[in-house]
Structures are given as structure tokens and as C-alpha cells.
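Listed below are the residues making up each chain.
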Amino acid sequence: MTRPLTFAIPKGRILEEALPLLVRAGIEPEAEFHDKKSRALRFATNRPDVSIIRVRAFDVATFVAHGAAQIGIVGSDVVDEFDYSELYAPVDLAMGHCRLSVAEPAGLADEDEAAMSHVRVATKYPHLTRKYYEARGIQAECVKLNGAMELAPSLGLSRRIVDLVSSGATLKANGLVETNVIMQVSARLIVNRAAYKMRSAELAPLVEAFRRAVGTKDAA
């Protein structure tokens, strides 16, 4: 008997928007999934051939790339940061919109980037950060942080940060200003390439269901 497909869902900002989309695509998690007191990480769904795991956004890409999960939802920032060759991202889910940006204290905002040869940046996106600065002929020294990025400049850890920005309110509250946008971000449906070839009879209809679900959302 074929094992059920494992669908990786991210904790955090994308989850609330993803749930109605899942339902429109025909997948409804069991009641325990919605219980905030539950410590479970794996859940059954209304479909016996699909189970859900709920993990950190960065881990969604890793689970799917290595085949532990066959399909998932994650931001395009994560897809591009890891750049796993094993990932196929067939559907832009048109949700979870934000941007990956450079931010710094207001007093530094007028500094000429063209005159810099080296920059120290706090970020959880070292690959995308280095790539951005290399394109400008600048060597980026990345200090890896997983959160509280906005504290780095005020505590002398780095002069700049690269992080996700939505409203910009958190930056403003910490005396920072957004100076450059590296990329626009939205949530993507991702699939393991090998699984997509070997289990296409199961995965291809699921991918199409999400395409339809996105179209339904846009038409609402």
C-alpha cells in the first residue's frame, strides 16, 4: 500500500492565509490541528491519502527537498534562500505578500552604497544577502540571526539588517528605515521533484487543485 502524502505547512505568518486555501483545494486538517494547546506536529486530514506536518517555515523547504514531505507551502524567500535543486515550485499562491529588504538606522540612510567595499549585515538570509551585495561589488559579512533582527544595529552587532518587511511598523519602532528592496515575496506551493515524477498520479491532481483554489480566491 502506498504511504500517504505528507504535506508540510509553515508555522507563523503564512498559516492563517493558507488554511482557507487548503480547504478550497479539498484538504481539511483534523480538529486537533486547530487546538492551540496541542503539541502534536503531525495531523490527519479528511483525506486518508494526505497527512499534514506543521513546522518552521525554513524547515518546510528542507523536509520537502529531502523527500520527508512530498509537498508543502512556503514563502518564495525561503525557496530562493536555500535554492534546493530538488524543489519544484509550480504555483504562486498569491498570499503571504511582503518583501525582503535592507534596513538601517535613519542616520545611515544617506550613506553612498557605491562607495562601500565591505558591509556587515545581520540576517537569517545569508545567501540572498551576499548575492545582493556581490551584484553591487560589495563584500557582505553576514551575522546569522533567527529573530530580533531589529536589535542588531542599536547593540552594535551590525550596522544594517536584511529581513522581511510588511508594514514597516517594527522597523520604525526600532529606529530603522527601509533603504532597499531585495525581492518581493509571496507564498508558493512546493513539490519534491523526484516524488512528482514517481507519484504524479497523486501529486499532479493536488497541484491542479491548488491552481484552481488560487483562481477561486482571486475571483472572490
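Residues numbered from 1 in each chain as written. Predicted model: local features only at pLDDT ≥ 70, side-chain atom pairs only at ≥ 80, totals over all residues. Heavy atoms only, no water.

Draft legend 1. Layout of the pattern of salt bridges. Within this structure, the stated rule accounts for eight salt bridges. Of the charged contacts, one joins R47 and D49 as a salt bridge, the two residues approaching to 2.8 Å between their closest N and O atoms. The shortest N-O distance in the salt bridge between E141 and R120 comes to 3.2 Å. Of the two residues, E141 is situated in strand 8 (residues 139-144) and R120 in strand 7 (residues 118-123); the sequence distance between them amounts to 21 residues. Assessed through its relative accessible area of 34%, E141 is described here as partly exposed. (Salt bridge = Lys/Arg side-chain N within 4 Å of Asp/Glu carboxyl O. Helix = DSSP H or I, 4+ residues; strand = E, 2+ residues; numbered from the N terminus. Buried < 20%, exposed > 50% of the residue type's maximum accessible area, 1.4 Å probe, protein only.)

Draft legend 2. Focus on the sheet that holds strand 9 (residues 160-165). Pairing is mixed in the open sheet, where five strands are placed in the order 8-7-9-6-10. A single partner strand is all that each edge strand has here, and the edge strands are strand 8 and strand 10 (176-185). With strand direction ignored, the average angle separating the axes of adjacent strands in the sheet is 30°. The sheet contact formed by strand 6 (residues 98-105) and strand 9 spans five bridges and is antiparallel. Its bridge partner being in strand 9, S101 is matched across the sheet by D163. Sitting on the sheet, helix 4 (residues 126-134) is in contact with strand 6, strand 7, strand 8, strand 9 and strand 10, with an inclination near 165° to strand 8. (Pairing = 2+ DSSP bridges. Axes fitted to C-alpha atoms, helices over the stretch in contact; angles between N-to-C directions. Contact = heavy atoms within 4.5 Å.)

Draft legend 3. Summary view of the layout of surface pockets. In this structure, the largest pocket occupies an estimated 560 Å³ of space. Listed by contribution, the elements that provide at least two residues to the lining of the largest pocket are helix 2 (57-65), helix 3 (76-82) and strand 9. Looking at the lining of the largest pocket residue by residue, the class counts come to nine nonpolar, six polar and eight charged. Counting only domains with at least three residues in the lining of the largest pocket, you end up with domain 1 (5-97 + 185-216) and domain 2 (98-183). Empty space within the second largest pocket amounts to approximately 220 Å³. Forming the boundary of the second largest pocket are K11, L15, L19, F33, H34, D35, K36, S38, R39, A40, L41 and R54. Per-class residue counts for the lining of the second largest pocket are five nonpolar, two polar and five charged. (1 Å grid on protein atoms, 1.4 Å probe; cavity = no way out; pocket = protein on both sides within 12 Å on 5 of 7 lines; lining within 4 Å. Points joined across faces, edges and corners; volume = space filled by probe spheres on them. Nonpolar A, V, L, I, M, F, W, Y, C, P; charged D, E, K, R; others polar. Domains from an automatic or database assignment.)

Draft legend 4. Structural detail: the pairing of strand 6. Most of strand 6 sits inside the fold, with six of its eight residues counted as buried. Inspection of the sheet shows strand 6 paired to strand 10 by eight bridges, in the antiparallel sense. Pairing of V102 across the sheet is with N180, part of strand 10.

Draft legend 5. Structural detail: the domain arrangement of the protein. Per the domain assignment, the segments making up the protein are domain 1 (5-97 + 185-216) and domain 2 (98-183). With nine residues of domain 1 in contact, the opposing surface of domain 2 contributes 11 residues. Each partner contributes to the roughly 870 Å² buried at the junction of domain 1 and domain 2, and carbon and sulfur atoms together form 58% of this total. Where domain 1 meets domain 2, there are zero salt bridges. Among the elements that take part in the side of domain 1 that touches domain 2, helix 3 stands out by supplying four residues, more than any other. Of the residues contributing to the side of domain 1 that touches domain 2, the split by class is two nonpolar, three polar and four charged. (Buried area = accessible area lost by both parts, 1.4 Å probe.)

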